[in-house]
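Report on the structure
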Amino acid sequence: MPAALRLGPLLRYVDWDTGTSATVWVEADRPCEAEVRCADGAGGAARTWRVAGHHYALVTVTGLSPGSETAYGVFLDGERVWPLPGSLFPESTIRTPAVPTEAAGPLRVTFGSCRWAAPPPEAGHHSFLHLSGSPGSGDPDDPRDPPLVDDPSGAAGPATDPAGPDALDTLACALARTGGTGELRPDVLLLLGDQVYADKTSAVVRRWIARRRPLTEPPGPQVADYEEYTRLYYESWLDPEVRWLLSTVPSLMIFDDHDVIDDWNTSAAWVAEMRAKPWWRERVLGGLMSYWVHQHLGNLSPAELAADKLFQVVSRGEEDREGAEGAFSPGGTDAPGGKDGPDGTYGPDGTAALREFAVRADADPAAARWSYRRDFGRVRLLVVDSRATRVLEEGGRAMLDAAEADWLRAQALDTPGSYDHLLIGTSLPWLLPPAVHDAEAWDAALCAGERGPRWARLGERMRRRADLEHWAAFPPSFEALTALIAEVGSGPAAPATIAVLSGDVHHSYIAEPEWPEQLGTGPARLPEPRAVSLPEPSGAGLSGRPGTVRSHVVQFTCSPVHNSAPAALRLAFRFGWSRAGRWLGRALARHGRTGRPAIGWRRTGGPWFGNQLMTLTLRGRSARIRLDQARPEKCLAAAHEAVYGTADRVPRPVASPPASEVPAAPGTGAGGGSSHGSDKGQAQ
């Protein structure tokens, strides 16, 4: 029986240095040779490799022509399996940039986060603040959580989907209607976390899990191991529209908490509590292993894959596993390896090697680096892991450990003047609504014992209930990232724009920092302190004076792609930007003795609610942002556009508020907000 295509293809990496290569990821149903054949004669082939009984291949396609677009097909053992027979979608294509990239035209980066493939049964009954262990909270140790309530068909559509139309589906439909071309087509799709929800499974997945094990035992309807994780990827990536979209638009990804579990690595106490649960080990190992296979590998270039010892062991079944234990270490150093079988080999199955890596990565954040860098001509993208490399011990908490922080700093400062735009992708926003920022910093101070042990215990409970774990909850890391951005944005070689791209918070907004005349002494390297000089605010960034932040710095937050935001959450974030919210934040800061942040910031767009995507178009030294919202009729409606990187920013709202918008409560100041400045911005 011939091999069949189980999942994919996903077009992942496209080479922007030479325009001649790309990578395509597939899963087959048995061992075989996977081959990509392009209409222009380019192509590549690779044998599948095995993890936990599943067969994968990451095919490097070579011989592509710069500045071209070519259709491709996928063949397994010589039999064509893609495009699917009878497909109504346009052919999948690989588009390469012109070389030199200055002639390639604009770069379009579409980004967002938080996508349910299908809403969980309790989607319409969740609350903003919940007590862990309460019925319906999704607590895996609570058998009262309802396991199965849904349409038996598992079908979801605009009329029945409580989360509304899927923005990724909608983008795919819009592209397909134009034959896969036009301005809507991104050059890269950046997915900033929660690509799958291991802790909130759909009714279809729950029924499948129930055939494997009782749902009355922990972790209940949540995912338990690698095999169950594969079902999440099938559900998400076999969606016909999304499957075609991912086959023709290159994608980059990074995880957030729901890819493993809500509140993943929120605190040392949380980690200790989870590690005491008998089901947790298989859950986290399955999460890390499946992320490496399905998401992480495609972020890497062919050269990086060739140098990755773990990938070589897993994908080629190399005879010698010596050094495999250190194969994924950031420093690239080898650790002594043992022998597995009687002949000292792994064979073609990489499960054991990958599992050993996952064990190390869970135990020691320094054992793995999930962050990565991509250069698109004169645009540099740094995608930062803000989940797995945290330092969680109270008194020394940091969003990034020292090695990860050094990596970020080195990449941001590498070859000044070589890029016009710096994009920093982090699943969690850097600039939050001011009241939320102050609440998170206050809670961090309480947990550290600033107000005594009773307040510390209360702080830990609040941290988990309200998800108080963004950059603001790690104050030294927040100040360090701020100082690094200021350093990169200063001097004659500063890029035109520095954009922090984030998601997570189930609404979208735009915020811009207001630089003080002097930061003073503060961390410029995570997590160790270093003195940094910052300029005065209000336009000094265009003066060219030494030490001035010349770059236009912006926080773009876009979420969700397909999820929901309860009314309480919407009102809470609106309140966070209001004058009353800032007053409450200052009161919390005084109680927690946290002091004020080194910078202020103002909201210059949003908040917008609904399923949505942002697209950043970068041309020369200018940047244009567009927010598109999904509509039930499978179209995208532009809700906002603005231009950055020039002397004047030109906001151009182009759509009316969505009908589902919850109006601001009286006194919440929904019209705009600033952390320490004038109100500005537009709420839609």
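**Concerning helix α2 (residues 203-210)**
Turning to α2, its buried residues number three or more, namely A203, V205, R206, W208 and I209. At its buried positions, α2 is contacted by α3 (226-237).

**Some details on the pattern of salt bridges**
Scanning the model with the defined rule gives 35 salt bridges in all. Of the charged contacts in the structure, one is a salt bridge between R6 and E27, with a shortest N-O distance of 3.7 Å. Within this pair, whereas R6 is found in strand β1 (residues 5-14), its partner E27 is found in strand β2 (residues 22-28), the two being separated by 21 residues in sequence. R6 gets classed as partly exposed once you look at its relative accessible area, which sits at 33%. D420 is the salt-bridge partner of R621, the closest N and O atoms lying 3.0 Å from each other. In this pair, R621 is assigned in the loop between β22 (612-619) and β23 (622-631) and D420 in the loop between α10 (402-413) and β15 (421-426), connecting sequence segments 201 residues apart.

**A few points about the sheet that holds strand β5 (residues 49-51)**
Read from one edge of the open sheet, four strands run β1-β2-β6-β5, paired in antiparallel fashion. What marks the edges here is a single partner per strand, and that holds for β1 and β5. Looking at each pair of strands side by side, their axes are set apart by 25 degrees on average, direction ignored.

**A short note on the sheet that holds β23**
On the basis of which strands lie adjacent, the open sheet formed by six strands has the order β12-β11-β10-β22-β23-β24 and mixed pairing. On the outer flanks of this sheet lie β12 (251-253) and β24 (635-644), each paired with one strand and no other. Strand-to-strand, the axes of this sheet are offset by a mean angle of 20 degrees, without reference to chain direction. Two strands pair when backbone bridges link them, and strand β10 (residues 107-112) and strand β11 (residues 188-191) are joined in this way by four bridges, in the parallel orientation. Bridging across to β11, T110 finds its partner in L189. Seen against the sheet, helix α1 (residues 167-177) touches β10, β11, β22, β23 and β24 and runs at an angle of roughly 95 degrees to β24.

**A look at helix α15 (residues 579-592)**
Its 14 residues place the ends of α15 20 Å apart at the C-alpha level, agreeing with the 20 Å of an ideal helix rising 1.5 Å per residue. Every buried residue belonging to α15 is among G581, R582, G585, L588, A589 and G592, and all of these are buried. For α15, the buried positions fall inside an angular range of 120 degrees around the axis, keeping them on one side. For α15, the exposed residues lying more than 90 degrees away from the buried face are R579, W583 and R590. Looking at the buried positions of α15, the neighbouring elements they touch are α11 (434-447) and α14 (567-577). One or two residues past the end of α15 sits R593, with phi positive at roughly 55 degrees.

**Observations concerning the environment of A22**
As for its position among the elements, A22 is in strand β2. When the C-alpha atoms of A22 and G43 are compared, they prove to be 9.3 Å apart, with 21 residues separating the residues in sequence. The residues contacting A22, other than those within four sequence positions of it, are L11, Y13, V14, V59, T60, V61, L64 and I94.

**What to know about empty space enclosed by the protein**
Within the structure shown, the criterion is met by seven cavities of 30 Å³ or more. Computed from the structure, the largest cavity encloses a volume of approximately 90 Å³. In this structure, the largest cavity is lined by 13 residues; those nearest its centre are A117, Y197, K200, L232 and E235. Partitioned by chemical class, the residues of the lining of the largest cavity number six nonpolar, four polar and three charged. Estimated volume of the second largest cavity: approximately 70 Å³. For the lining of the second largest cavity, the elements supplying multiple residues, two or more each, are α3 and α4 (240-248). In the lining of the second largest cavity, the residues fall into seven nonpolar, five polar and two charged.

Reading guide: rules and limits
- Residues numbered from 1 in each chain as written.
- Predicted model: local features only at pLDDT ≥ 70, side-chain atom pairs only at ≥ 80, totals over all residues.
- Heavy atoms only, no water.
- Buried < 20%, exposed > 50% of the residue type's maximum accessible area, 1.4 Å probe, protein only.
- Helix = DSSP H or I, 4+ residues; strand = E, 2+ residues; numbered from the N terminus.
- Contact = heavy atoms within 4.5 Å.
- Salt bridge = Lys/Arg side-chain N within 4 Å of Asp/Glu carboxyl O.
- Pairing = 2+ DSSP bridges.
- Axes fitted to C-alpha atoms, helices over the stretch in contact; angles between N-to-C directions.
- Expected span 1.5 Å × (residues − 1).
- Arc of directions from axis to C-beta.
- 1 Å grid on protein atoms, 1.4 Å probe; cavity = no way out; pocket = protein on both sides within 12 Å on 5 of 7 lines; lining within 4 Å.
- Points joined across faces, edges and corners; volume = space filled by probe spheres on them.
- Nonpolar A, V, L, I, M, F, W, Y, C, P; charged D, E, K, R; others polar.

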